[in-house]
Amino acid sequence: MKPPIVAVFLYLKFWNMRKILIVGASGQIGTELVLELRRRFGAENVIASDVKDEPSDLLKDGLYEKLDILDKESYNALLDKYKITEVYLLAALLSATAEKHPEFAWKLNMDGLFHVLDSAKEGKINKIFWPSSIAVFGPNTPRENTPQYCVMDPSTVYGLSKLAGERWCEYYNKKHGVDVRSIRYPGLISYGSLPGGGTTDYAVDIFYHAKAGKKYNCFLKKDTELPMMYMDDAIKATIDLMEAPSEKVVIRSSYNISGMSFTPEKIYAEIRKSLPDFEIEYNPDFRQEIADSWPKSINDNEAQIHWGWAPEYDLKALTLTMLEHVDPSKLF
Ligand code: NAD
Ligand code: AKB
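What you are looking at is a predicted structure, and each value in this text was computed from that prediction instead of being measured.

Draft legend 1. Quick look at the layout of surface pockets. Taken as a whole, the largest pocket encloses approximately 910 Å³ of empty space. What lines the largest pocket is a set of 47 residues, among which Leu90, Ala91, Ala92, Leu94 and Gly196 lie closest to the centre. Looking at the lining of the largest pocket, the elements that each hand over two or more residues are helix H2 (28-41), helix H4 (95-100), helix H5 (102-121), strand E6 (132-133), helix H6 (157-176) and strand E9 (187-189). Built from parts of two domains, the lining of the largest pocket gets at least three residues from each of domain 1 (7-187 + 230-256) and domain 2 (191-227 + 259-297 + 310-330).

Structure follows, in structure tokens:
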């Protein structure tokens, strides 16, 4: 049966009215997310923004605005300028950098979120994506198959900001009807843009060293197991969650999602299957304590049941893809 002409017209009108703003677009996730959103919804409907003056090369073919999310007036002016309907807020300091700049990390990670939540509360936009992290868990959290609901006692500034952010997201949803959606990303692995100062960054750096033929000096112990995910899965999860019908998004704090778990020793062994001469040494630094407070593996039953989450990449597929695409000249 054909849909009535009026329905088609309204659908197309709504589609064209969708305008998406990504804040913190030049980072590891933003770069890939902008490209995928432009592919799906049209370059003219996706506005990349970042505190950096210029877009990175990968983002040059589309709209870009310099924006400091701490500047609430400029943020609201950008919403008006483009008639933005949805915001993906990615600007934050990650775990390792946040430990070096705790006060600024708290300010950026919290004030940025409030600026976006308030704009939805005031009716300026109608949907938000804001990422949380496995850093919301802490030393007293069950470390294996960590459930959605359990003890959460983060011991890093980053984790504190993410847990507080989750509670505020749920609060704005329940009290003010804000349509905010969130995922607790594990460590993300990609080759498009370098990671920005996290504890899981070793699992990206290792590929640049392996491909450049350099020995890798790993900052975590060889048996440190952490939850990880290939970027394509993370982008798919993000857009699937944002496109899910509202009633399926039952959890408004943040969803656990799982991809794979491995140790430095395990990923090193996988890389050596392709590059047998690759060498590694282990010199743990302050990031070891952070990693030791995080889960080893994640239970994501709720995300599977509520909006159909399922990852595609395992360690073997991730390793082969990274080795094929990583460009060591970006780092060395
Ligand atoms: P990133 O550090 O690579 O990128 C962050 C971007 O935000 C950078 O381009 C930076 O220039 C920009 N930025 C910084 N301050 C800004 C400001 N004041 N205004 C506007 N932009 C600003 O981070 P990422 O890895 O892409 O992470 C994005 C989000 O996802 C963060 O909230 C992070 O906590 C979360 N997350 C990431 C991972 C991961 O493994 N990458 C895992 C869990 C959660
Ligand atoms: C970090 O290591 O800080 C991030 C994260 C897991 O949130 N990759």
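The discussion continues.
Draft legend 2. The arrangement of the packing of aromatic side chains in detail. For the structure shown, the criterion picks out twelve aromatic pairs. With centroids separated by 6.1 Å and ring planes inclined at 50 degrees, the aromatic side chains of Phe129 and Tyr185 adopt a geometry described as tilted. Taken as a pair, Phe129 in strand E5 (residues 127-129) and Tyr185 in strand E8 (residues 183-185) lie far apart in primary sequence, 56 residues in all. The pair Phe129 / Tyr185 is uniform in exposure class, with both members buried.

Draft legend 3. Summary view of the site of ligand 1. Neighbouring ligand 1 are 26 residues; Gln28, Asp50, Asp68, Tyr158 and Lys162 lie closest to it. The separation between a nitrogen atom of ligand 1 and a polar main-chain atom of Val51 is 3.4 Å. Taken atom by atom, the bulk of ligand 1 overlaps the largest pocket. Of the residues belonging to the shell around ligand 1, the class tally is 14 nonpolar, eight polar and four charged.

Draft legend 4. Focus on the environment of Thr85. Take Thr85: it is sitting in the loop between helix H3 (72-82) and strand E4 (86-89). For Thr85, a relative accessible area of 15% corresponds to the buried category. C-alpha separation for the pair Thr85 and Ala25, spaced 60 residues apart in sequence, amounts to 17 Å.

Draft legend 5. Main features of the sheet that holds E9. Sheet architecture is open: three strands sit in the order E9-E11-E13, paired in mixed fashion. Single-partner strands in this sheet number two, and they are E9 and strand E13 (260-262). Here the average twist between neighbouring strands, direction ignored, is 45 degrees. The sheet contact formed by E9 and strand E11 (residues 226-230) spans three bridges and is parallel. The residue bridging Ile189 from the neighbouring strand is Tyr230, located in E11. Strands in contact with helix H7 (residues 202-212) are E9, E11 and E13; relative to E9, the strand with the most contacts, it is inclined by about 25 degrees.

Draft legend 6. Just the environment of Ile189, in detail. Looking at where Ile189 falls in the secondary structure, it is placed in strand E9. Residue Ile189 is classed as buried on the basis of its relative accessible area of 0%. Here Ile189 is in contact with Gln28, Ala203, Val204, Phe207, Met228, Met229, Tyr230, Met231, Phe262, Leu318 and Met322, once residues within four sequence places are set aside.

Draft legend 7. Layout of the side chain of Ser26. Residue placement: Ser26 occurs in the loop between strand E1 (20-23) and H2. Setting aside its immediate chain neighbours within four residues, Ser26 contacts Thr31, Asp50, Lys52, Leu59, Tyr64 and Ser193.

Draft legend 8. Structural detail: H5. End to end, H5 covers 28 Å across 20 residues, agreeing with the expected 28 Å (1.5 Å per residue, within 8%). Those residues of H5 that sit buried are Ala105, Leu108, Asn109, Met110, Gly112, Leu113, His115, Val116, Leu117, Asp118, Ser119 and Ala120. Turning to H5, the residues buried within the fold contact H3, E4, H4, E5, H6 and strand E7 (180-181). Backbone geometry just after H5 places Gly123 at a positive phi near 80 degrees.

Draft legend 9. Focus on the packing of helix H9 (residues 264-274) against helix H12 (residues 315-325). Where H9 contacts H12, the axes come no closer than 10 Å and their chain directions differ by 55 degrees. In this view, H9 runs oblique relative to H12, as classed from their interaxial angle. Like other packed secondary-structure pairs, H9 and H12 cross with a definite hand, here right-handed. Within the contact between the two elements, H9 uses Lys266, Ile267, Glu270, Ile271 and Ser274 and H12 uses Leu315, Lys316, Thr319, Leu320 and Leu323. Partitioning the contact of H9 with H12 into residue classes produces five nonpolar, two polar and three charged.

Draft legend 10. Region of the structure containing the site of ligand 2. Taken together, the residues surrounding ligand 2 are Leu94, Ser95, Ser133, Ile134, Tyr158, Gly198, Thr199, Thr200 and Trp294. Separating an oxygen atom of ligand 2 from a side-chain N or O atom of Ser133 is a distance of 2.6 Å. In this structure, Thr200 approaches ligand 2 through a side-chain N or O atom, which is 2.8 Å from a nitrogen atom. The cavity that encloses ligand 2 is the largest pocket.

Parameters at a glance
Residues numbered from 1 in each chain as written. Chains lettered and ligands numbered in written order. Predicted model: local features only at pLDDT ≥ 70, side-chain atom pairs only at ≥ 80, totals over all residues. Heavy atoms only, no water. 1 Å grid on protein atoms, 1.4 Å probe; cavity = no way out; pocket = protein on both sides within 12 Å on 5 of 7 lines; lining within 4 Å. Points joined across faces, edges and corners; volume = space filled by probe spheres on them. Helix = DSSP H or I, 4+ residues; strand = E, 2+ residues; numbered from the N terminus. Domains from an automatic or database assignment. Phe/Tyr/Trp six-rings, centres within 6.5 Å; stacked < 30°, edge-to-face > 60°. Buried < 20%, exposed > 50% of the residue type's maximum accessible area, 1.4 Å probe, protein only. Near = heavy atom within 4 Å. Polar contact = N/O pair within 3.5 Å; in protein donor to acceptor, adjacent residues only side chain to side chain. Sits in = over half its atoms within 2 Å of the grid points. Nonpolar A, V, L, I, M, F, W, Y, C, P; charged D, E, K, R; others polar. Pairing = 2+ DSSP bridges. Axes fitted to C-alpha atoms, helices over the stretch in contact; angles between N-to-C directions. Contact = heavy atoms within 4.5 Å. Expected span 1.5 Å × (residues − 1). Parallel < 35°, antiparallel > 145°, perpendicular 65-115°, else oblique. Left-handed = near helix turned anticlockwise from the far one by under 90°.

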